[in-house]
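Analysis of the macromolecular model
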Amino acid sequence: KAGVTQTPRYLIKTRGQQVTLSCSPISGHRSVSWYQQTPGQGLQFLFEYFSETQRNKGNFPGRFSGRQFSNSRSEMNVSTLELGDSALYLCASRTSGTGYTGELFFGEGSRLTVL
Amino acid sequence: GQQVMQIPQYQHVQEGEDFTTYCNSSTTLSNIQWYKQRPGGHPVFLIQLVKSGEVKKQKRLTFQFGEAKKNSSLHITATQTTDVGTYFCAAYNNNDMRFGAGTRLTVKP
């Protein structure tokens, strides 16, 4: 069974640009969540999608958005990039429908550098 | 809102020594998970604890969930170099989930 796939793995952008990251969950997983990981702030929850609906959202500005498609693949977008957006963006999938238990399966991440 | 504190932030041990990381929440948790992230890698699920006072073991790893379901610990007996990495707790309070800041473990051979 293929794992969670994130693309691109590495990217460099400049301030003011926007970026779109993609995540393909494990087959059969309908929940996809996104996290930002930085040395200073650790792992921070961005949002979670289930069946194309945003189920939960973390405390990030509106520049961070996401969506999920009918095949459970998900994208997240960051507009008007700032230097502080440089981070490893991790996507995770799981099977759970109701409730929030169930292990998270993480992808390798997309490392974004903003210059 | 829910606050999750994980200590220590760093731990450096000699191979063979024990290691413990603690996760404390300001609110009662529904469940807690533990993850390990190797350097340059992504978090990998280790265990989930749900019941008050629950203790689970995986070889040299022992996981505990407090009686009040507000704290948890991960203990590694006789560390090995393969244990190197950052250990995170993921604390769930119904619909709210927070990761601890992580404990970075280094092991000197």
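Above: the structure in question.
Residues numbered from 1 in each chain as written. Chains lettered and ligands numbered in written order. Predicted model: local features only at pLDDT ≥ 70, side-chain atom pairs only at ≥ 80, totals over all residues. Heavy atoms only, no water.

1. Section: the pattern of salt bridges
All names here are of chain A.
- Evaluation of the coordinates by the stated rule reveals 9 salt bridges over all chains.
- Where E48 meets R55, a salt bridge forms, and the shortest distance between an N and an O atom there is 2.9 Å.
- Residue E48 is classed as buried on the basis of its relative accessible area of 3%.
- The partner of R63 in a salt bridge is D85, and the shortest N-O contact between them spans 2.8 Å. (Salt bridge = Lys/Arg side-chain N within 4 Å of Asp/Glu carboxyl O. Buried < 20%, exposed > 50% of the residue type's maximum accessible area, 1.4 Å probe, protein only.)

2. Considering unusual backbone geometry
- Following A:T7, the chain continues to A:P8 via a peptide bond in cis, the omega torsion being -10 degrees.
- Along the polypeptide, A:P8 turns up in the loop between strand 1 (5–7) and strand 2 (10–13).
- Looking along the chain, the bond that leaves B:I7 and enters B:P8 is cis, with omega of -5 degrees.
- Locating B:P8 in the fold gives a position in the loop between strand 1 (4–7) and strand 2 (10–14).
- Positioned with a positive phi, A:S51 is a non-glycine residue whose angle comes to about 50 degrees. (Helix = DSSP H or I, 4+ residues; strand = E, 2+ residues; numbered from the N terminus.)

3. Considering the state of the cysteines
- Counted by the stated rule, this structure contains 2 disulfides over all chains.
- A disulfide bridge connects A:C23 with A:C91, and the sulfur atoms are separated by 1.7 Å. Here A:C23 and A:C91 share a disulfide; its torsion about the S-S bond, -55 degrees, makes the bridge left-handed. Of this pair, A:C23 sits in strand 3 (residues 19–24) while A:C91 sits in strand 9 (residues 87–94), and the two are 68 residues apart along the sequence. An identical accessibility class is assigned to A:C23 and A:C91; each is buried.
- Shown here is the disulfide that connects B:C23 with B:C89, its sulfur atoms set 2.0 Å apart. Every disulfide takes its handedness from the sign of the S-S torsion; for B:C23 and B:C89 that torsion is 60 degrees, giving right-handed. In this pair, B:C23 is assigned in strand 3 (residues 19–25) and B:C89 in strand 9 (residues 85–93), connecting sequence segments 66 residues apart. Pair check on accessibility: B:C23 and B:C89 agree, each one buried. (Disulfide = S-S within 2.5 Å.)

Shape is all these values report; function is a separate question.
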